[in-house]
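So the chains spell out like this:
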Amino acid sequence: MKTKMRRTWLLAGLVLGSCQVELDNFFGKQNPGTYPNVDEALRPYFQRFEAEAAARGLTVDLADAYITGYISDIPENQVIGQCSYSSNDPHRVTIDKPFWNQASDLEREFVVFHELGHCYLARVHDESMDARGICLSIMRSGTGACRDVYNAASRSGLIQELFTEKD
Ligand SMILES: [Zn+2]
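Only a predicted model underlies this, so the values are computations on that prediction, with no experimental measurement involved.

What counts as what
- Residues numbered from 1 in each chain as written.
- Predicted model: local features only at pLDDT ≥ 70, side-chain atom pairs only at ≥ 80, totals over all residues.
- Helix = DSSP H or I, 4+ residues; strand = E, 2+ residues; numbered from the N terminus.
- Buried ≥ 20, exposed ≤ 12 C-beta atoms within 10 Å, placed from the backbone.
- Contact = placed C-beta atoms within 7 Å.
- Expected span 1.5 Å × (residues − 1).
- Arc of directions from axis to C-beta.
- pLDDT = per-residue confidence, 0-100.
- Core = buried A, V, L, I, M, F, W, Y, C linked by C-beta atoms within 7 Å.
- Pairing = 2+ DSSP bridges.

Caption draft 1: Representation of the overall build of the protein chain in the model. What the protein chain contains, in helices and strands, is six helices and four strands. Put simply, the protein chain runs from its N terminus to its C terminus through helices and strands in the order α-β-α-α-β-β-β-α-α-α. Going through the 167 residues of the protein chain one by one, you find that 30% of them count as buried. Partitioning the intrachain contacts of the protein chain with sequence separation of at least 6 by distance along the chain shows that 59% fall at a separation of at least 24.

And the structure:
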C-alpha cells in the first residue's frame, strides 16, 4: 500500500558528469551570507542547513561551494527533487514546483536537506530502517522499503545523522 508521503517523496539520485569550468566567471563576485543563483523561496532552507551544521560544530558555506537552487517543474513523474551536475552548473538543486507549492515547511526542509545531502555532502542513498520499518536517514531514496517519519520530534536526530561522516 502506498501512502501519500511515499508517493510524493520519490527523489532522483545524483546525475554525474565531469568537466572543467571557470566558476568565478560564471558566478561573479559573491557577498558573504547571500546565495547567488538560488531561488528566493529556497534561501531560508539553505540558511537553515548552514545553521543546523553550525549547531553541530560544522562550517557549511553553500555559496562558497557554488551550490545553486531552483524551483521548477521536474518532468519525471513523482520526482520532487534532484541534485544534478553540468559543466556550467556543477552542483544544482532542483525542487519540483507542484510539490513545493503544496508542501509543508517540514516537507520542504526534508527535500532540500536531502538534495543538499547529495550536492553538498556528497552522500548517496541509505535505506537503513529501524525494527518498525521507519527510515533512519534523510538520504533514503523514497523507492525503498522504509517509511518516513519526519516531524518536530524526529528531525533533530535525522539531521544529526545527515551530517555524520560515513565510512
Ligand atoms: Zn536522493
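Caption draft 2: Inspection of helix 5 (residues 105-119) at higher detail. For helix 5, spanning 15 residues, the distance from its first C-alpha to its last is 21 Å, which sits close to the expected 21 Å at 1.5 Å a residue. The complete set of buried residues in helix 5 reads Glu 109, Phe 110, Val 111, Val 112, Phe 113, His 114, Glu 115, Leu 116, Gly 117, His 118 and Cys 119.

Caption draft 3: View of helix 3 (residues 43-55). In this model helix 3 runs 18 Å from its N-terminal to its C-terminal C-alpha over 13 residues, within 8% of the 18 Å that 1.5 Å per residue would give. Along helix 3, the residues classified as buried are Tyr 45, Phe 46, Phe 49 and Ala 53. Buried residues of helix 3 fall within an arc of 110° about the axis and therefore sit on the same side. Opposite the buried face of helix 3, by more than 90 degrees, sit the exposed residues Ala 51, Ala 54 and Ala 55. Of the surrounding elements, those touching the buried residues of helix 3 are strand 2 (67-72), helix 5 and helix 6 (155-163).

Caption draft 4: Representation of the confidence of the model for the protein chain in the model. For the protein chain, the mean per-residue pLDDT works out to 85, and 79% of the residues sit at or above 70. Within the model, the stretch residues 1-29 combines pLDDT values under 50 with 41 contacts to residues more than four positions away or in other chains.

Caption draft 5: The arrangement of the nonpolar core in detail. In terms of nonpolar packing, the biggest core is built from 26 residues, with Phe 49, Val 93, Ile 95, Val 112, Phe 113 and Leu 116 touching the most fellow members. Contributing elements (two or more residues each) for this core: helix 3, strand 2, strand 4 (89-96), helix 5 and helix 6. At six residues, the largest contribution of residues to this core is made by helix 5. Setting aside chain neighbours within four positions, we find Val 93 in contact with Ile 67, Thr 68, Gly 69, Cys 83, Val 112, Glu 115, Leu 116 and Cys 119.

Caption draft 6: Highlighting the pairing of strand 3 (residues 81-86). Across five bridges, the pairing between strand 3 and strand 4 is antiparallel. Bridged to Ser 84 within strand 4 is Arg 92. As consecutive antiparallel partners, strand 3 and strand 4 are separated by two residues.

Caption draft 7: Broad picture of the pairing of strand 4. Across the eight residues of strand 4, seven count as buried, placing the element largely inside the fold. Relative to strand 4, strand 2 runs parallel, the two being bridged by six bridges. Paired with Thr 68 across the strands is Arg 92, a residue of strand 4.

Caption draft 8: Representation of unusual backbone geometry in the model. For Asn 37, which is not glycine, the phi dihedral falls at a positive 60°. Residue position: Asn 37 is located in the loop between helix 2 (23-27) and helix 3. The exposure class of Asn 37 is partly exposed, given the 16 C-beta atoms found within 10 Å. Positioned with a positive phi, Ala 122 is a non-glycine residue whose angle comes to about 60°. Position of Ala 122 relative to the elements: it lies in the loop between helix 5 and helix 6.

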